[in-house]
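Structure at a glance
Chain residues, written in single-letter form:
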Amino acid sequence: MSQNPTKHTKVLIIGSGPAGYTAAVYAARAMLNPILVYGSEPGGQLTTTTDVENFPGFADVIQGPWLMDQMREQAKAVGTEMIQDHIASVNLKSKPFEAIGDSGQKYTSDSIIISTGAQARWLNIKSEQEFRGFGVSACATCDGFFFKDKEVAVVGGGNAAVEEAMFLTKFASKVKLIHRRDSLRAEKLLQKKLMENKKIEIIWDTVVEDVIGDEKPKNVKGIKIKNVKTKKVNEMKLDGLFIAIGHDPATQLFKDQLNMDKEGYLITKPDSTETNIPGVYAAGDVKDKTFRQAVTAAGMGCMAALEAEKFLSH
């Protein structure tokens, strides 16, 4: 295989989505000629989201994939070079930094912005995937609004699950929290609030076996649940199912080079996107497990590009 000549850039952006695209817009406008390398899912989690109602600037409902296309075109229009490749390895000890793609292409750069994002964990039941976006969701803050006066369930037992359940009580008439163990992992204070909420019912020692629904129009009607202790299977009528069993940040690539927390999220300095290596920045869900919104990811992408520009000018 003939080796392509090394591509050098002042700013290498790894990953797309709102964080990567916004970083690209700012870096390109600063005349840094960034290269953005995107993987097999350009646009990230937003491309699996249909209705977006909380991104500022749009009075009408917009579609996630459309928003990502627009951001991408904007980044391209101002001078970002977009390359589809999967970065297989990085060396952050070398100067300039080095990255090698699956394609065999070698990239070198004076700064790096990491916006590889995260994926929601799913139960991985066939029916769950079939009804994704039709009553099955992994984001209460995105989709809770659609379940006004309806009955929903949340699966999980950590902080995220408890917070999603509490948030959903604003809209839903009843929220069931389904947990496979007999105690929650969530913080005690959150648990106390949860127990005090009259709209929430906790179903212990239980797993979801199947999602039941109609095909035309496509929507969730209920779920099949199994008690792990008694092995008894029941059906429960529901309008929506929220999966809150965690996210996996895409940070495997940076293991042993960048500081991460125990869940694998990149750690950045306070009020900054800078990692423990100067010149390497992280933006969006790859470092943020608290907010996980398109607008906060975009905001961090902007911060990362401005910080990279400052770093490069010294």
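So, here's what we can say about the structure. Quick caveat: nothing in here was measured; it's all calculated off a predicted structure.

**What to know about the nonpolar core**
If you look at the biggest cluster of nonpolar residues, it comprises 29 residues, and the most contacted ones within it are Ile13, Leu36, Leu67 and Ile113. Mapped onto this core, the elements with two or more residues apiece are strand S1 (7-14), helix H1 (17-29), strand S2 (35-38), helix H2 (64-77) and helix H7 (294-313). Ignoring any residue separated from it by four or fewer positions in sequence, one finds Leu36 in contact with Ile13, Gly15, Ser16, Gly20, Tyr21, Ala24, Thr80, Glu81, Met82 and Ile83. Of all hydrophobic cores here, the second largest spans 21 residues; its members include Ile87, Met260, Ile277 and Ala282.

**Describing helix H5 (residues 159-168)**
Listing the buried residues of H5 in full gives Ala161, Val162, Glu164, Ala165, Met166 and Leu168. Tucked into the core, H5 has its buried residues touching helix H4 (140-143), strand S11 (151-155), strand S12 (174-178), helix H6 (188-196), strand S13 (200-203) and strand S17 (240-243).

**A short note on the packing of H1 against H7**
Between H1 and H7, the shortest axis-to-axis distance is 7 Å and the interhelical angle comes to 35°. In this structure, H1 meets H7 at a crossing whose hand is right-handed. Contacts between H1 and H7 pair Pro18, Ala19, Thr22, Ala23, Tyr26 and Ala27 from the former with Ala294, Ala297, Ala298, Gly301, Cys302, Ala305 and Leu306 from the latter. A breakdown of the residues in the contact of H1 with H7 according to their chemical character gives 11 nonpolar, two polar and no charged.

**A short note on the sheet that holds S12**
By way of backbone hydrogen bonds, the strands of a sheet pair with one another, either parallel or antiparallel. As summarised here, the arrangement of the five strands in space is S10-S17-S11-S12-S13, forming an open sheet in which the pairing is parallel. A single partner strand is all that each edge strand has here, and the edge strands are strand S10 (136-137) and S13. Bridge analysis of S12 against S13 gives four bridges, and the strand direction is parallel. Looking across to S13, one finds that Leu177 is bridged to Ile202. Together, S11, S12, S13 and S17 form the strand contacts of H5, whose direction differs from that of S11 by roughly 170°.

**Regarding the pattern of salt bridges**
What the rule picks out here adds up to 13 salt bridges. Asp248 is the salt-bridge partner of Arg121, the closest N and O atoms lying 2.8 Å from each other. Of this pair, Arg121 sits in the loop between strand S9 (118-120) and helix H3 (126-130) while Asp248 sits in strand S18 (residues 247-249), and the two are 127 residues apart along the sequence. Residue Arg121 is classed as partly exposed on the basis of its relative accessible area, which comes to 32%. Among the residues examined, Asp248 registers a relative accessible area of 34% and is labelled partly exposed. Residue Lys174 is joined to Glu201 by a salt bridge in which the shortest nitrogen-to-oxygen separation is 4.0 Å. With Lys174 in strand S12 and Glu201 in strand S13, the pair connects residues that are 27 residues apart, well separated along the chain. Residue Glu201 is classed as partly exposed on the basis of its relative accessible area of 33%.

Reading guide: rules and limits
- The residue numbering used here restarts from 1 in each chain and proceeds along that chain's sequence as written.
- Since the coordinates come from a predicted model, pLDDT governs what is reported: local features require at least 70, and pairs of side-chain atoms require 80 or more to be given and counted, while whole-chain, interface and lining totals use all residues.
- The side-chain quantities take in all heavy atoms of the structure and omit both hydrogens and water.
- The set of buried Ala, Val, Leu, Ile, Met, Phe, Trp, Tyr and Cys residues whose side-chain atoms join them within 4.5 Å is what this entry labels a nonpolar core.
- Using a 1.4 Å probe on the protein chains alone, a residue whose accessible area is under 20% of its type maximum counts as buried, one over 50% counts as exposed, and one in between counts as partly exposed.
- Under the DSSP-based scheme used, a helix requires at least four consecutive residues in state H or I and a strand at least two consecutive residues in state E, with every element numbered from the N terminus.
- Residue contacts are counted whenever heavy atoms from the two residues lie within 4.5 Å of one another.
- Only C-alpha atoms enter the line fits that serve as axes; for helices the fit covers just the stretch in contact. Angles between N-to-C directions range over 0 to 180 degrees.
- Should the near helix be turned anticlockwise from the far one by less than a right angle, the crossing is left-handed, and should it be turned clockwise, the crossing is right-handed.
- Ten residue types, Ala, Val, Leu, Ile, Met, Phe, Trp, Tyr, Cys and Pro, are classed as nonpolar, four, Asp, Glu, Lys and Arg, as charged, and the remainder, Gly among them, as polar.
- Between any two strands, pairing holds if DSSP finds at least two bridges.
- Criterion for a salt bridge: a side-chain nitrogen of Lys or Arg within 4 Å of a carboxyl oxygen of Asp or Glu.

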